[in-house]
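Now for the letters of each chain:
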Amino acid sequence: MTFALSWSGGKDSALALWTLRRAQLEPDALLTTVTEGYDRISMHGVRRELLARQAKALGIPLVEVVIPPACVNDVYEARMAEAFAATPLSGVEAVAFGDLFLEDVRAYREERLAAGGKRGLFPLWGRNTTALAREFLDAGFEARLVCVDPRVLDPAFAGRAYDEQLLAELPHGVDPCGENGEFHTFVSAGPIFAEPIACETGEIVERDGFVFCDVTPAP
């Protein structure tokens, strides 16, 4: 089966790839949305250069879909349709996602894929998120919180390493994998990469109601 992997640069997409590879399944491409004008991964706010470094260390071709800030659904779907009409995505039969339990998100993805004659793969679906977070750390992955929703999580969490201490300090009701959008991560090392992604934490900024930690490439 030929398929692409929806890649955010964060923990859940990294876990999805790790799970797929252990099942001897390899994506034909990574699919990432990038916000024009910012040159950063949409929502996560990670620099495009770090995304490219991840793709190189994974050894998988990267397809970037450029969308405008505050992108509406019609524009998003049109840009995605353009991407899937061109190689390498035109030949894939499915798209894999790191979704965990949000039924409405899964239903939307499956509906859009079905309209294009493709199907969705959800290798992490239904997994216990507390166990999954521990599995991520036990496997040797390294990640950092790059986006925090200050309505549910203290802004001081932005830029922190995703580790046992952080998990222990998460407030009650915050999902340990951030599946409800409480936080987003950037993964810089782990068993899926040929080499670590050298990076450093930079400025903390608040924008559009979220707190972002800028991660910069290190030499």
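Structure first, text after, so check above.
Keep in mind that what you see is a predicted model, and the values were worked out from it rather than measured.

Peer 1: I tried to follow the nonpolar core on my own but got confused; where do I start?
Peer 2: Looking at soluble globular proteins, one finds that nonpolar side chains tend to be buried together. Membership of the largest hydrophobic core comes to 51 residues, with the highest contact counts inside it found for Trp 7, Tyr 162 and Ile 192. Tallying contributions element by element places helix 1 (residues 11-22) first for this core, with six residues. Among the nonpolar cores identified, the runner-up in size contains 15 residues, and Val 65, Ile 67, Met 80 and Phe 122 belong to it.

Peer 1: Even after reading the chapter, I still don't get the sheet that holds strand 7 (residues 142-148), so can you show me in this structure?
Peer 2: Think of a sheet as strands paired side by side through backbone hydrogen bonds, with each pair either parallel or antiparallel. Ordered by their spatial adjacency, four strands build an open sheet running 8-7-10-9, and the pairing between neighbours is antiparallel. Each end of this open sheet is capped by a strand with a single partner; those strands are strand 8 (183-189) and strand 9 (199-207). The mean inter-strand angle of the sheet, taken between neighbouring strand axes irrespective of direction, is 30°. Examined bridge by bridge, strand 7 and strand 10 (residues 210-217) share two bridges and lie antiparallel to one another. In the strand pairing of strand 10, Cys 147 is matched with Phe 212. Its contacts with the sheet put helix 2 (residues 48-58) on strand 8, strand 9 and strand 10, and the angle it makes with strand 10 is roughly 60°.

Peer 1: What is the right way to look at the environment of Arg 134 in this model?
Peer 2: Relative to the helices and strands, Arg 134 resides in helix 5 (residues 129-138). Residues Arg 134 and Leu 167, 33 residues apart in the sequence, show an inter-C-alpha distance of 9.0 Å. Sequence-distant contacts of Arg 134, defined by excluding residues within four places in its chain, comprise Glu 164 and Leu 167. Within the structure, the side chain of Arg 134 is placed 2.6 Å from the side chain of Glu 164, a separation counted as a polar contact.

Peer 1: What am I meant to see in helix 2 here?
Peer 2: Given 3.6 residues per turn, any residue in an α-helix points the same way as the ones three and four places further on. Buried within helix 2 we find Leu 50, Leu 51, Gln 54, Ala 55, Ala 57 and Leu 58. Summarising the axial view, the buried residues of helix 2 lie within an arc of 165°, below the 170-degree limit, and thus occupy one face. Following helix 2 by one or two positions, Gly 59 adopts a phi angle in the positive range, close to 75°.

Peer 1: Would you explain the pairing of strand 4 (residues 62-67) in this entry?
Peer 2: Successive side chains on a regular strand alternate, one facing one side of the sheet and the next facing the other. Only one face of strand 4 is covered, namely the face carrying Val 63, Val 65 and Ile 67; the face carrying Leu 62, Glu 64 and Val 66 is uncovered. Here strand 2 (residues 29-35) pairs with strand 4 via six bridges, running parallel. Each bridged residue has a counterpart across the sheet, and for Thr 33 the counterpart in strand 4 is Val 65.

Peer 1: Explain the packing of aromatic side chains to me, please; I cannot follow it from the model alone.
Peer 2: The final tally for this structure, using the stated rule, is six aromatic pairs. Ring centres of Trp 18 and Phe 141 lie 5.7 Å apart, and the angle between their planes is 85°; on these two criteria the pair is classed as edge-to-face. Placement of the pair is Trp 18 in helix 1 and Phe 141 in the loop between helix 5 and strand 7, with a sequence separation of 123 residues. Taken as a pair, Trp 18 and Phe 141 share a single burial class, namely buried. Linked through ring pairs, Trp 18, Phe 136, Phe 141, Tyr 162 and Phe 183 together constitute an aromatic cluster. Directly above the aromatic system of Trp 125 lies the positively charged group of Arg 106, at a separation of 4.9 Å from the ring centroid. The ring of Phe 212 has Arg 207 lying over it, and the distance from NZ or CZ to the ring centre is 4.5 Å.

Conventions adopted
Residues numbered from 1 in each chain as written. Predicted model: local features only at pLDDT ≥ 70, side-chain atom pairs only at ≥ 80, totals over all residues. Heavy atoms only, no water. Core = buried A, V, L, I, M, F, W, Y, C linked by side-chain atoms within 4.5 Å. Buried < 20%, exposed > 50% of the residue type's maximum accessible area, 1.4 Å probe, protein only. Helix = DSSP H or I, 4+ residues; strand = E, 2+ residues; numbered from the N terminus. Pairing = 2+ DSSP bridges. Axes fitted to C-alpha atoms, helices over the stretch in contact; angles between N-to-C directions. Contact = heavy atoms within 4.5 Å. Polar contact = N/O pair within 3.5 Å; in protein donor to acceptor, adjacent residues only side chain to side chain. Arc of directions from axis to C-beta. Phe/Tyr/Trp six-rings, centres within 6.5 Å; stacked < 30°, edge-to-face > 60°. Lys NZ or Arg CZ within 6 Å of the ring centre and 35° of its normal.

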